[in-house]
Amino acid sequence: MNRRGWIATVALVSTVSFAPAALGAVEDEQWMASRDSMRMTYFEDAPHAIVMEDVPNENTVYSYLYGETSGSTDADFERYICKSTTDGPCKTSVNFSYNSILPTCQSTSDLDCVVGVTAISDSGKESVGKFERYSSPNHPNNFPADQRLEIPQGVTGGIWSISDAPHAFGNDYVIYARISGSVNNLSGPKLADNFELSARIVPVSVAKTTKRDVIWGCVQDKTLSPTYKANTRCGPFYDSNEGFRCVGPSGDNNDACLSPHAFPANTRFKLSIRFRKQPLGWIHGRLIDPNISITKDVSGYLVKVEANPAKIPSFAYAAKFSELPANVQSFWENVDQECGSSYCGYRSANNYSAPMKSQSTSLATLNYGKQALEAIKLYLPLIKDTAAANPSSWSWRTLSQKEMSGSNNCFTDGVGVKGVVTTNASAYSAGPPTFNGGELKYQVAAPHFKADGKVFKGDYTLVIDSKVARCIYKFSSAPINATISVVNDKGEQSIATTSVSESDGWLKLVARNFEFSAPSISVKLSQESQVNTNPSSPNNVTTNVKTQTNTTQKSPPRSITCTKGKTIKKVTGANPKCPVGYRLK
């Protein structure tokens, strides 16, 4: 369980309300737990608070680079925050872990950089964005690229202006395009090295803040002992004394931040990024009606994602432990137990050694995985099945190695992107859809009502490589028939608008306008017994995913990083697993 203190619990009250902050006209993007909930005080019957929201986190908005060297004992472990791979003690580090917020491309041959952003009106008019500046040009976490180790340059988010796509507070947008991974300094980069990609667009304005003594960002220029681990958290994103939310710094004077806002209505956005490495596995998105293309050129892989932003319900609740229902108390009692093998949120407490019922504690859940789905189902009655806010989001990411663990081999074998899943649900299944009983199943959950009392409507899109679908079902090359259905938590068929199409080697299945609280989405594929000898017959459906990948290639070996205390091991193989007693990093 990761424990961080940027969300704390409520003090001296039995039940707490959470309210949006004020920044002119209140937008859902400014919602946060009220400042009264940010005090942490221990008392006998302590409060327990939970927050679920899909907002930028520190790993997606800040760069960092650190070098590690492990010895035969924990005492030999060293970790350093690095300004470069050749800086001071970092030059002798055995392994580097990097989190690179990518710069803007300066030429068509540049790799690992943002090519551009475009806004598209509902009439089809395109407005091309103009790069203005980096949000914090001289941030101490910035670092140069290392071509030998294939570590991309790390900067802060790029501010782009889109003159014909203004939001309520201007026409500036920050783009966070990111690559994170690890590499061995001695052997250099390998095909098996694990890396993750993500991208996010946020409408922003500059907000003045209280002058800070320490820059927004991570500890820098400090030799870190085994008992003082690298602080790569780069927070907080908002100051509870400011009264509004921030997503990152603005400038280098420690007195301003980028404050998020709502996207303009009826506007799609297209973001183009050029990567050195080919995107792999599955992509998850907070997008509506996505159109994704991945093409290889002489320089690298150009990824273009065009979509509408999605609105994601947020909620929060706090009460004394004694006043929580028995099933919610049980959830808290077991909240830390499965964190080694599952996906846990970030819990803070005033006394971790005390019994759970006596702790003053808070949990910022992830939006995916067993814990997230269980938490929202338990808390829906307490929040009256109503969201506190529905902030907008435009983001995508490749699923992590941990999320892909245990997936069907057809989802993991070979190279390239196998599929794309997008949803506007508060919580959703970890990894790609599961194949069970002849169906591809995916679980989602969200409050039934929006903050304004209107019914919240769900949106789900699955785009899957036809070769992968045939691999799962052991189908021939003949055309595939598909159906998509939504079943509510009572096992009843839900009303939804669905569509199915196949074009250019990709199956696209969409379910829209279904209602929550915790429906399950099922896709079933079938095929006629006769073989169609002309599978390339005309199809008038425009594809939403085009990619030059070959999923029939043999899978390269993969490497994973495992930890036990301060001891780190890298395991490589076709299906690597951590040794007993070690956890996947």
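It should be noted that the structure appears before, not after, this text.
Because the structure is predicted, anything quoted here is derived from the model rather than measured.

Assigned secondary structure in the protein consists of six helices and 34 strands. Put simply, the protein has 585 residues, and 56% of those count as buried. Residue pairs in contact within the protein that sit at least 24 positions apart in sequence constitute 74% of those at least 6 positions apart.

Our focus in this paragraph is the state of the cysteines. Throughout the structure, instances matching the rule amount to four disulfides. Across a sulfur-sulfur distance of 2.1 Å, Cys82 and Cys90 are joined as a disulfide pair. Measuring handedness by torsion sign, the sulfur bridge of Cys82 and Cys90 sits at about -95° and is left-handed. Residue Cys82 shares its accessibility class with Cys90, and that shared class is buried. Note that Cys246 is cross-linked by a disulfide to Cys257, the S-S spacing being 1.7 Å. Judged by the sign of its S-S torsion, about -45°, the cystine formed by Cys246 and Cys257 is left-handed.

On to the packing of aromatic side chains. Enumeration according to the criterion identifies 17 aromatic pairs in this entry. Relative to Phe269, the ring of Tyr173 lies with its centre 5.3 Å away and its plane at 50°, an arrangement referred to as tilted. Linking Tyr173 in strand E10 (residues 172–184) with Phe269 in strand E15 (residues 267–275), this pair joins segments that are 96 residues apart in sequence. On the basis of relative accessibility, which here comes to 1%, the residue Tyr173 falls in the buried class. Taking 6.0 Å as the distance between ring centres and 80° as the angle between the ring planes, the aromatic pair formed by Phe331 and Trp332 counts as edge-to-face. Taking relative accessible area as the criterion, Phe331 reaches 5% and is therefore assigned buried. Given the relative accessible area of 0%, Trp332 is considered buried. Pairwise contacts between aromatic rings join Phe131, Tyr134 and Trp160 into one cluster. Sitting over the face of the ring of Tyr301, Lys296 holds its NZ or CZ atom 5.5 Å from the ring centroid.

It is worth spelling out helix H6 (residues 466–473) at this point. For H6, a buried count of six out of eight residues is recorded, marking the element as mostly surrounded by other parts of the structure. Regarding H6, the residues found buried are Ser466, Val468, Ala469, Arg470, Ile472 and Tyr473. Where H6 starts, the residue carrying a side-chain oxygen 2.9 Å from the main-chain nitrogen of Lys467 turns out to be Asp465.

With that settled, consider the nonpolar core. In this structure, Ile201, Leu271, Trp394 and Trp396 are the most contacted members of the largest nonpolar core, which totals 43 residues. In terms of residue count, the dominant contributor to this core is E10 (five residues). In contact with Ile201, other than residues within four places in its own chain, are Val117, Tyr173, Val174, Ile175, Phe263, Phe269, Leu271 and Trp394.

Bringing the pattern of salt bridges into the picture now. Evaluated as defined, the whole model comprises 17 salt bridges. With its nearest N and O atoms 3.0 Å apart, the salt bridge here joins Glu306 to Arg268. Here Glu306, found in strand E17 (residues 301–311), pairs with Arg268, found in strand E15; they are 38 residues apart in sequence, far enough to count as distant. The burial state of Glu306 is the same as that of Arg268; both residues are buried. Lys508 is paired through a salt bridge with Asp289; the nearest N and O atoms lie 3.5 Å apart. Note that Lys508 is positioned in strand E29 (residues 506–515) and Asp289 in strand E16 (residues 281–296), a separation of 219 residues in sequence. Overall, Lys508 belongs to the buried group, its relative accessible area being 13%. Among the charged side chains, a network of salt bridges with common partners joins Arg268, Asp289, Glu306 and Lys508.

Turning our eyes to something else, we now look at the packing of helix H2 (residues 326–333) against helix H3 (residues 370–379). It is at 10 Å that the axes of H2 and H3 come closest, and there the two elements cross at 155°. Considered as vectors, H2 and H3 are oriented roughly antiparallel to each other. Both H2 and H3 take part in a crossing whose hand is left-handed. Contacts between H2 and H3 pair Asn327, Val328, Phe331 and Trp332 from the former with Gln371, Glu374, Ala375, Leu378 and Tyr379 from the latter. Split by residue class, the contact of H2 with H3 holds six nonpolar, two polar and one charged.

Take unusual backbone geometry next. The phi dihedral of Asn266 falls on the positive side, at around 55°, and the residue is not glycine. Residue position: Asn266 is located in the loop between strand E14 (256–260) and E15. Notably, Asn513 is not glycine yet its phi reads approximately 65°, a positive angle. Residue Asn513 is classed as partly exposed on the basis of its relative accessible area, which comes to 42%.

Our next topic: the side chain of Ser407. Residue position: Ser407 is located in the loop between helix H4 (401–404) and helix H5 (409–412). The buried category is assigned to Ser407, whose relative accessible area is 17%. In terms of polar contacts, Ser407 uses its side chain to reach the backbone carbonyl oxygen of Met404, at 2.9 Å. If we skip the residues at most four places from it in the chain, Ser407 touches Thr412 and Pro432.

On to the environment of Pro166. Here Pro166 lies in the loop between strand E9 (158–161) and E10. Residue class for Pro166 comes out partly exposed when judged on its relative accessible area of 48%. Distance from Pro166 to Pro203, taken between C-alpha atoms, is 8.9 Å for residues 37 residues apart in sequence. Residues within four places of Pro166 in sequence aside, it is in contact with Asn171, Tyr173 and Pro264.

The rules behind these values
Residues numbered from 1 in each chain as written. Predicted model: local features only at pLDDT ≥ 70, side-chain atom pairs only at ≥ 80, totals over all residues. Heavy atoms only, no water. Helix = DSSP H or I, 4+ residues; strand = E, 2+ residues; numbered from the N terminus. Buried < 20%, exposed > 50% of the residue type's maximum accessible area, 1.4 Å probe, protein only. Contact = heavy atoms within 4.5 Å. Disulfide = S-S within 2.5 Å. Phe/Tyr/Trp six-rings, centres within 6.5 Å; stacked < 30°, edge-to-face > 60°. Lys NZ or Arg CZ within 6 Å of the ring centre and 35° of its normal. Polar contact = N/O pair within 3.5 Å; in protein donor to acceptor, adjacent residues only side chain to side chain. Core = buried A, V, L, I, M, F, W, Y, C linked by side-chain atoms within 4.5 Å. Salt bridge = Lys/Arg side-chain N within 4 Å of Asp/Glu carboxyl O. Axes fitted to C-alpha atoms, helices over the stretch in contact; angles between N-to-C directions. Parallel < 35°, antiparallel > 145°, perpendicular 65-115°, else oblique. Left-handed = near helix turned anticlockwise from the far one by under 90°. Nonpolar A, V, L, I, M, F, W, Y, C, P; charged D, E, K, R; others polar.

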